[in-house]
Amino acid sequence: MNIFKVKINFEEAGHESVELPIAEGESVLDVCLDNCIELQHNCGGVCGCSTCHIYVNKGMDNVQEISDKEEDFIDRAVNPRINSRLGCQCVMIDGDIEVTLPDQSQFLGH
């Protein structure tokens, strides 16, 4: 199993960027949860909502290709961009990645 790096940036004030190991086949959502980084995931990480929406700044070719289902949910996300992905579907296949987590304080109950 190959181990890569994920650099996580935060839009939310008061959070500094972190760089963490991420294994081939592991999702960005998994790494966040394993490292106590809050990334909403109302559907449990099964591509059933848009709350784990992230931006991939670098390394888009290093994650699995986007599916039609994921694209549909990204369209419903807050502030989607051309580099938007769902953290649960951002599964590593090769190389490093850099992402930005949108401000998580926008979710109810936060």
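Residues numbered from 1 in each chain as written. Predicted model: local features only at pLDDT ≥ 70, side-chain atom pairs only at ≥ 80, totals over all residues. Heavy atoms only, no water.

Trainee: Before we move on, can you summarise the nonpolar core with the specific residues and values?
Mentor: With 26 residues, the main nonpolar core has Val6, Ile8, Ile97, Val99 and Leu101 as its most contacted residues. Going through the elements one at a time, β1 (3-10), β2 (18-23), α1 (28-34), β3 (53-58), α2 (68-74) and β5 (97-101) are the ones with two or more residues in this core. Those residues in contact with Ile8 that lie beyond four places of it in its chain are Ser17, Val18, Leu20, Cys32, Ile37, Val99 and Leu101. (Core = buried A, V, L, I, M, F, W, Y, C linked by side-chain atoms within 4.5 Å. Buried < 20%, exposed > 50% of the residue type's maximum accessible area, 1.4 Å probe, protein only. Helix = DSSP H or I, 4+ residues; strand = E, 2+ residues; numbered from the N terminus. Contact = heavy atoms within 4.5 Å.)

Trainee: Hey, could you go over the side chain of Arg85 for me, with residue numbers and the actual values?
Mentor: By the element assignment, Arg85 lies in strand β4 (residues 84-86). Those residues in contact with Arg85 that sit more than four places away from it in its chain are Cys52, His53, Ile54, Val56, Met60, Val63, Gln64, Glu65, Ile66, Glu70, Ile74 and Cys90.

Trainee: Report on the pattern of salt bridges, specifying residues and quantitative values.
Mentor: Following the criterion strictly, the structure yields 4 salt bridges and no others. When the shortest N-O distance is used, the salt bridge between Lys5 and Glu19 registers 3.8 Å. Of the two residues, Lys5 is situated in strand β1 and Glu19 in strand β2; the sequence distance between them amounts to 14 residues. For Arg85, the salt bridge is made with Glu70, and the minimal N-O distance between the two is 2.8 Å. Here Glu70 lies in helix α2 and Arg85 lies in strand β4, a separation of 15 residues in the sequence. (Salt bridge = Lys/Arg side-chain N within 4 Å of Asp/Glu carboxyl O.)

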